Amino acid sequence: MRMLYGVQGTGNGHITRAIAITEAINEYDNVEIDVLLSGRPPEPVPLEVTSCSWRDGLTFVHEAGQVKVLKTVMKNNIFRMVSDIRSLEVKNYDLIVTDFEPVVSWAAKMRGRNTVGIGHQYAFFHDVPTRGGSFVNKLIMKQFAPAKTRVGLHWHHFDQPILPPIVDIDFNDRQDVQFNKVVVYLPFEDQAQVVSLLKKCPDYEFYIYSPELTDADEGHIHRRKTSRETFKQDLITSNAVICNTGFELISECLTLGIKIFTKPLAGQVEQLSNGAALDELNYATVADNLFLPSVEQWLKSRNAVRVTYPNVQQYLGKWLASGATESVEDMAEKMWRSVEVIRH
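As the structure is a computational prediction, the values presented were derived from the model and not from experiment. (Residues numbered from 1 in each chain as written. Predicted model: local features only at pLDDT ≥ 70, side-chain atom pairs only at ≥ 80, totals over all residues. Heavy atoms only, no water.)

**Student:** What am I meant to see in the layout of surface pockets here?
**Tutor:** A probe matching the size of a water molecule, rolled over the atoms, marks out where space remains unfilled. Put simply, the second largest pocket is a space of about 300 Å³. For the lining of the second largest pocket, the per-class residue count stands at five nonpolar, five polar and three charged. (1 Å grid on protein atoms, 1.4 Å probe; cavity = no way out; pocket = protein on both sides within 12 Å on 5 of 7 lines; lining within 4 Å. Points joined across faces, edges and corners; volume = space filled by probe spheres on them. Nonpolar A, V, L, I, M, F, W, Y, C, P; charged D, E, K, R; others polar.)

**Student:** Looking at this model, I keep getting lost on the packing of aromatic side chains. Mind explaining?
**Tutor:** The relative placement of two aromatic rings is captured by the distance of their centres and the angle of their planes. Enumeration according to the criterion identifies nine aromatic pairs in this entry. Pairing Tyr204 with Phe206 gives two aromatic rings, centres 6.3 Å apart and planes at 45°, and the pair type is tilted. A relative accessible area of 18% means that Tyr204 is categorised as buried. On the basis of an interplanar angle of 80° and a centroid distance of 6.4 Å, the ring pair of Tyr309 and Trp336 is categorised as edge-to-face. You can see Tyr309 sitting in the loop between strand S16 (305-307) and helix H11 (312-321) and its partner Trp336 sitting in helix H12 (residues 328-336), a full 27 residues away along the chain. Assigned by exposure class, Tyr309 and Trp336 land together as buried. Clustering of aromatic rings is evident, with ring pairs tying together Phe100, Tyr122, Phe125 and Phe144. It is Lys142 that lies over the ring of Phe125; its NZ or CZ is 5.5 Å from the centre. Positioned over the ring face of Tyr207 is Lys181, at 4.5 Å from the centre of the ring. (Phe/Tyr/Trp six-rings, centres within 6.5 Å; stacked < 30°, edge-to-face > 60°. Buried < 20%, exposed > 50% of the residue type's maximum accessible area, 1.4 Å probe, protein only. Helix = DSSP H or I, 4+ residues; strand = E, 2+ residues; numbered from the N terminus. Lys NZ or Arg CZ within 6 Å of the ring centre and 35° of its normal.)

**Student:** Is there a simple way to explain helix H9 (residues 269-281) in this structure?
**Tutor:** It helps to recall that an α-helix has 3.6 residues per turn; residues three or four apart then point in one direction. In this model, H9 (13 residues) spans 18 Å end to end at C-alpha, consistent with the 18 Å of a helix rising 1.5 Å per residue. Of all 13 residues in H9, eleven are buried; the element is thus mostly enclosed. Those residues of H9 lying buried are Val269, Glu270, Gln271, Leu272, Ser273, Asn274, Gly275, Ala276, Ala277, Leu278 and Leu281. Two or three places before Glu270, at the opening of H9, Gln268 has a side-chain oxygen 2.9 Å from that residue's backbone nitrogen. At the exit of H9 stands Asn282, carrying a positive phi of roughly 55°. (Expected span 1.5 Å × (residues − 1). Polar contact = N/O pair within 3.5 Å; in protein donor to acceptor, adjacent residues only side chain to side chain.)

What follows is the structure, encoded as structure tokens:
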């Protein structure tokens, strides 16, 4: 079998999920995987696949925790996007998969090929908690990377045919936890403002990650440039996380039983809806702003939640390698049976 796998590169979570799934697929000798990434500049990615190519795709511009619509439109080259879609050849593939990646999705759709969409965004085609966003924003999210077979992922099933999250991390890795250690990942916020706020909480060790920072230690403030390896090590030894409301990091925190303070990215429908789901499930503290009293109150709380998700990537790897014939409804029913919610 020859597979084309499109990966949206604007968030590290998409790449992390693709790594986990392709590793699971590689356990089967009959599959060749060509990966196409878009939405970020070309760089080495630890994907063990037959080939890996890059396209510009589409990216969103963020400033001070908000999506800037006009700047987003100006930054993206729509003509290049259309050209990439038209020039991408898909006829020689037995299976086409997209992790919310628009070039592969639209190239397949324009040529009448069926596509399997795997990702958190596909959960929003079902009746799950949502919040914010205009009709146009919601329409864009649902048309961004179309797929005929949609495998949505979420923290809870909400009585819908969606799967648990893909988490490439194990609760058994949690050793030597430092109970005053807090990992901070707010890449869309003003980092100077974040540091200024956390300096007022001297009883905690804050490890602040952002692509724009350089490694430096100043008392209880530890600045770190974003790194997959060091971030994972800091995460599994931490007691708490402050982050925006993306899907992957919060999924890891729930798997590890780490308490969460999260601020949804203003104007981003997915993150606002994630906040609504976390509120409904009582899985995290969700706030619209980073106010010191709210952060201090949360730091003193003991409201962590651990969820025992199954190895979804292993199941999906087998499913894709066998041609993706089993129904999503049947997969969902099997996977949620083993999930348990443990509140600390």
